[in-house]
Amino acid sequence: MNAQNPAPPPGGAKAQPQPKQPQPQQKAEPDRPAGGADSSGASEERADVIGGSAANPLGDEALPGAAAAASRIYRSTLSQHGSGTLISSETVGTMNFYGRQTAERLLAGPLPEDELRRLRRVFQEPADYGGHREQLRAGRLLVLYGQPGTGRAYTALSLLDDLTRGQVSRLDPRTDLDRLDDEQIHGGHGYALEPGAAGLPDETGLDRLCELLGRKEAYAVLLATPEAGDVLSRGGRYHRAHAPAAPAAVLEGHLGLELAASEPELYERARATALDPDVLEARGLDELRPAEAARFAELLARHSRDELTHDGLLTECRKFATRQAAEWFAGGVRSETPERLRDAAYRIAVAVLQGASLSAVAEAAEELAWELAVTVDPEATPGRPLFSDGVDARLASARAVAALGTEEVGTEEVQVRTVRFGGEALAPAVLGHLWEHRHNARGPVLRWLAGLCEDTRPQVWVRAAVAAGQLCRFDLSHTVHELVGPMAQSERAPRRLFAATVLDVAARTPEVGSAVRALAGSWALHGDEQLRWTAGAVLGRGRATDTVRESLDLLGGIGVWNEGALRSAAAVQVAHFAGAHPEAPALRRIRAWLSDERRTHQDLGLQSTVYLAGVSVVDLWSRHEDLEAHGDWPLMLALADVRPALAAELAGLLWTALQTSRSYEAAVETVSDWLRDSADQPWAGALERFLPLLVHGHDDRNRLLGLIKELTEDPDQPLNDQQVRRLWGAVQGASTP
């Protein structure tokens, strides 16, 4: 061996003095004009030195790994919800039933015979129905509590029918139970009532009512909705929890009734249609409540009889979620009490933060509840309940479900309980209803979203940005003016990244996509430093223009603006863009910048090259589908793997950075990271195939061999013997001119 071919370091022995690594050459690369990528030596100012590892847009304002986690959460949030997350124009319709009903009703009325017959044919006994009946039989009075729409009323009527043989009446919600007397209660009858604003009597009042019913040998079932703290479940001896019957059984019962007089083939057709993937997607609810199951059965029956087209069925199914949202946010005297505002806040928080941890959603909901309360009453000083609030009841009231998931803390994953709606259609329905029908709710919701931007946890701020992007489609001008614009002009990078994420989501929508792209282009060309930075972050996602060339033109303009003030910010977005569009144009544009005689363009090309090598595939905001299986591969190696024809061009870019003094240290640091981290990695073979492409002569070979030897002698993290043999062999075997 000689100086041109140093010997490999002996495994396990103390290293000998290593050969000095060749320093970058001070001449232009053969395929570009003189005056290209390097023209000065040690005298250049430090400000011109090309940076190393890929820039973190969050700076020092977050835990390590937060920027990488943000991009991963962004991709997963969009992919998990798919098209259902992005609110379609068909999701929100015109609603006419928000106000309170004004029609007068009788104080007490017997249940009609035809309704009793229907009840007996379709009713499905829920869990613990027998226990309810025995308690009612023995005690005369039952308080049945559960969420509206879960079949409480049918259960109450069926219980009373069982015990009174059809002598069942419904009481008006305005009935004052404290004033009932013997003359108003008929012997042997059963009464069902859901009290109105006055609510349930206290325990003493319930005892009085029970005594009255006993004298008349009558029965009563009172319906109640549990508060979030589940106070009623810990209540007196009259209370029992209601659980809905199995949704499939309820649907079968109603479907059988709807098609009782039809041919059996129609029943089977309706059952098959109920399981059609398109129908299930349009319905958008995991489980139907009994009232919804009855409506669904009616639609299926009409469709099976050819009274409703398939498209018409899908349209009607999409209304289930919108009706639920309209019910949740219906107006009225009680809709803006602190308790109801907290219910509304929790539902909105779940809609915005679906998939986040239970604690993150609960905390965000409390913050929104405060915003809503002070909007309703600016003089209020709202607080928080401590022990009168329960997670399970809160989930039930929002039709939400909790499940085990993971959350990143720094660079590690920890197990958490996550929360989401029981159906993908509910989140867009809630957001759409607010923006279309509740204008005065926009202000507090936007202030709340802006506050979530300050949360350093990606699982919070990224999801908030995605939701804000969905809201843009309903009123882009308002949302940009009130939220996105101020964020985009902030001095703080996290706020600008939030604004960029909002715009990238909005750019996907056909309603406002072209306007968003025009806005990003205008900021890139004419904005101040903050607006250009934000525009670059949008462009890097790969959807902000109609063509690849236009995006690269705008990114290039941002990178050289004001003598390269935004060079690093633009260059990292060029790398992200290459991950979204892994084709030749992006690489050729970087080569064009390197070959340009202007120093600012050269530096942009060098910085883009270093970031192209330093960014990991898993960190990409929008990665091409061909890169999905490449996990945490270095982007440059992944591109060489999925596009072998571009491998030489990619290596040529990195070779130029290694040959240029002002980018040499950053490029060597990146290659060192590759060598050090390659042990037992799936991309180790790709690295061994790529290294020979960096060898154009003996100096290149010696540089890489010297680097391998230096890393082998690292006292803290040395390369293992197998790594050394494989990497050394790859470099030593490279052919040179």
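Residues numbered from 1 in each chain as written. Predicted model: local features only at pLDDT ≥ 70, side-chain atom pairs only at ≥ 80, totals over all residues. Heavy atoms only, no water.

### Focus: the overall build of the protein chain
How we decide: Every helix listed is a DSSP run of H or I at least four residues long, and every strand listed is a run of E at least two residues long, numbered separately from the N terminus. Residue exposure (1.4 Å probe, protein chains only): buried if accessible area is under 20% of the type maximum, exposed if over 50%, otherwise partly exposed. Computed by Shrake-Rupley with a 1.4 Å probe, the accessible areas treat only the displayed protein chains as cover when residues are assessed.
The helix and strand inventory of the protein chain stands at 31 helices and eight strands. Here the protein chain holds 737 residues, and 54% of them are scored as buried. Surface accessibility of the protein chain: about 32,500 Å² in total, with carbon and sulfur atoms responsible for 50%.

### Concerning the pattern of salt bridges
Note the threshold: For this document, the term salt bridge refers to a Lys or Arg side-chain nitrogen within 4 Å of an Asp or Glu carboxyl oxygen.
What the rule picks out here adds up to 46 salt bridges. Note that aspartate 504 is salt-bridged to arginine 541, the shortest N-O span being 3.7 Å. Linking aspartate 504 in helix H19 (residues 493-507) with arginine 541 in the loop between helix H21 (529-539) and helix H22 (548-560), this pair joins segments that are 37 residues apart in sequence. On the basis of relative accessibility, which here comes to 1%, the residue aspartate 504 falls in the buried class. Between glutamate 628 and arginine 623 there is a salt bridge, with the nearest N and O atoms lying 3.3 Å from each other. Exposure remark for arginine 623: the relative accessible area of 18% places this residue in the buried category. Overlapping salt bridges, with partners in common, bring together Arg295, Glu298, Glu316 and Lys319 in one network.

### A short note on the confidence of the model for the protein chain
Operational definition: Every residue carries a pLDDT, the predictor's confidence in it, which falls somewhere between 0 and 100. Contacts are residue-level and defined by heavy atoms, with any inter-residue pair within 4.5 Å sufficient.
Averaged over all residues, the pLDDT of the protein chain is 86; the fraction at 70 or higher stands at 85%. This model gives residues 9-21 a pLDDT under 50, and the stretch forms 21 contacts once residues within four places in sequence are excluded. Contacts from residues 81-107, a stretch scored under 50 in pLDDT, to residues over four places away or in other chains number 60 contacts.

### A look at the pairing of strand S5 (residues 219-224)
To keep things clear, this is the line we draw: By this definition, two strands are paired if DSSP reports at least two bridges between them.
Across the six residues of S5, six count as buried, placing the element largely inside the fold. Every second residue of S5 is oriented toward a common face, with Tyr219, Val221 and Leu223 on one face and Ala220, Leu222 and Ala224 on the other, all of them buried. By the bridge criterion, four bridges tie strand S4 (residues 190-193) to S5 in an arrangement that is parallel. Across the sheet, leucine 193 pairs through a bridge with leucine 222, a residue of S5.

### Re the side chain of glutamine 573
Within the secondary structure, glutamine 573 sits in helix H23 (residues 567-580). With a relative accessible area of 10%, glutamine 573 lands in the buried category. The residues touching glutamine 573, leaving out its near neighbours within four places in the chain, are Gly536, Ala537, Gly540 and Leu555.

### Digging into the environment of leucine 222
Locating leucine 222 in the fold gives a position in strand S5. Using a relative accessible area of 1% as the deciding quantity, one classes leucine 222 as buried. Remark: the alpha-carbon pair of leucine 222 and tyrosine 238, spanning 16 residues in sequence, is separated by 9.6 Å. Leave out the neighbours within four places in its chain, and leucine 222 touches Leu141, Leu142, Val143, Leu144, Leu177, Leu193, Leu200, Leu206 and Leu209.

### What to know about the packing of aromatic side chains
We apply this condition: In this scheme Phe, Tyr and Trp rings, the latter by its six-membered ring, pair at centre separations within 6.5 Å, and the angle between planes marks the pair as stacked below 30 degrees, edge-to-face above 60, and tilted otherwise. The criterion for a charge sitting over a ring is simple: Lys NZ or Arg CZ within 6 Å of the ring centre, and within 35 degrees of the ring normal.
Tallying each qualifying case throughout the model produces six aromatic pairs. With a centroid separation of 5.3 Å and 65° between ring planes, the pair formed by tyrosine 74 and tryptophan 621 is classed as edge-to-face. Taken together, the positions of tyrosine 74 in helix H1 (residues 66-81) and tryptophan 621 in the loop between helix H25 (599-614) and helix H26 (635-642) put the pair 547 residues apart, joining distant regions of the chain. Since its relative accessible area comes to 0%, tyrosine 74 is described here as buried. Overall, the relative accessible area of 6% leaves tryptophan 621 in the buried class. Put simply, the rings of Tyr74, Trp461 and Trp621 touch in pairs and so form one group of aromatic residues. When the ring centre of phenylalanine 296 is taken as origin, the NZ or CZ atom of arginine 283, which lies over that ring, is 5.2 Å away.

### Focus: the nonpolar core
Stated formally: Only buried residues count toward a nonpolar core, which is a set of Ala, Val, Leu, Ile, Met, Phe, Trp, Tyr and Cys residues joined through side-chain atoms within 4.5 Å.
Of all hydrophobic cores here, the largest spans 182 residues; its most connected members are Val352, Trp448, Leu449, Leu612, Leu654 and Phe690. Setting aside its immediate chain neighbours within four residues, valine 352 contacts Leu431, Trp448, Leu449, Leu452, Arg463, Ala464 and Ala467. Among the nonpolar cores identified, the runner-up in size contains 19 residues, and Leu193, Leu213, Leu222 and Ala224 belong to it.

### A few points about helix H18 (residues 476-488)
Inclusion rule: Expected helix span is taken as 1.5 Å per residue step, with the number of steps being one fewer than the number of residues. Bend is computed residue by residue as the angle between axes fitted to the seven residues ending at the residue and the seven residues starting at it.
With 13 residues, H18 extends only 15 Å from end C-alpha to end C-alpha; this falls clearly short of the ideal 18 Å at 1.5 Å per step. The axis of H18 is deflected most strongly, by about 40°, at glutamate 482, and proline proline 486 appears within four residues downstream.

### Describing unusual backbone geometry
The bulk of non-glycine residues show a negative phi, and the bulk of peptide bonds are trans. In the Ramachandran plot, glutamate 217 falls in the positive-phi region, its phi being about 50° despite a non-glycine side chain. You can see glutamate 217 is positioned in the loop between helix H5 (203-216) and S5. Classification of glutamate 217 by relative accessible area gives exposed; the value is 53%. Positive phi outside glycine occurs at arginine 399, with the angle close to 55°. Relative to the elements of secondary structure, arginine 399 occurs in the loop between helix H14 (391-397) and strand S7 (400-409).

### What to know about the side chain of arginine 289
The condition is simple: We treat Lys and Arg as the positive residues and Asp and Glu as the negative residues; His and chain ends play no part in the count.
By the secondary structure assignment, arginine 289 is in the loop between helix H8 (277-283) and helix H9 (290-304). The side chain of arginine 289 is buried and forms no salt bridge, while glutamate 327, the nearest opposite charge, is found at 5.5 Å. If sequence neighbours within four positions are ignored, arginine 289 has contacts with Gln147, Pro148, Gly149, Thr150, Gln324, Ala396 and Arg399.

### A closer look at the packing of H22 against H25
Our working rule: The convention used is that axes are lines fitted to C-alpha atoms, helices contributing only their stretch in contact, and that angles between N-to-C directions extend from 0 to 180 degrees. We call two directions roughly parallel when the angle between them is under 35 degrees, roughly antiparallel when it is over 145, roughly perpendicular when it lies between 65 and 115, and oblique otherwise. A crossing counts as left-handed when the near helix is turned anticlockwise from the far one by less than a right angle, and as right-handed when that turn is clockwise. Each residue gets one of three labels, nonpolar for Ala, Val, Leu, Ile, Met, Phe, Trp, Tyr, Cys and Pro, charged for Asp, Glu, Lys and Arg, and polar for the others, Gly among them.
Contact pair H22 / H25: the axes reach a minimum separation of 9 Å and the direction vectors enclose 115°. Judged by the angle between their axes, H22 and H25 are roughly perpendicular. Crossing angle aside, the handedness with which H22 passes H25 is right-handed. Of H25, the residues touching H22 (which contributes Leu555, Gly556, Gly559 and Val560) are Thr600, His601 and Leu604. Of the residues belonging to the contact of H22 with H25, the class tally is three nonpolar, four polar and no charged.

### Things to note about helix H13 (residues 358-376)
If you check H13, its first and last C-alpha atoms are 27 Å apart, about what 19 residues at 1.5 Å a residue would give, namely 27 Å. Of the residues making up H13, those classed as buried are Leu358, Ala360, Val361, Ala364, Ala365, Glu366, Leu368, Ala369, Glu371, Leu372, Ala373 and Val374. Buried residues belonging to H13 abut helix H12 (338-353), H14, strand S8 (412-421), helix H16 (442-453) and helix H17 (458-471).

### Examining a negative patch on the surface
Rule in force here: Here, patches come from residues exposed beyond 30% relative accessible area and free of salt bridges, joined within 9 Å for like charges and within 5 Å for nonpolar side chains (Val, Leu, Ile, Met, Phe, Trp, Tyr). Where a charge lies is defined by one atom per residue type: Lys uses NZ, Arg uses CZ, Asp uses CG and Glu uses CD.
Judged by side-chain charge, Asp278, Glu281, Asp286, Glu287 and Glu424 come together as a negatively charged surface patch. Taking relative accessible area as the criterion, glutamate 424 reaches 41% and is therefore assigned partly exposed.

### Brief notes about the environment of threonine 411
If you trace the backbone, threonine 411 turns up in the loop between S7 and S8. Taking the relative accessible area as the measure of exposure, threonine 411 reaches 59% and is therefore exposed. Through-space distance from the C-alpha of threonine 411 to that of alanine 69 is 8.1 Å; in sequence the pair is 342 residues apart.

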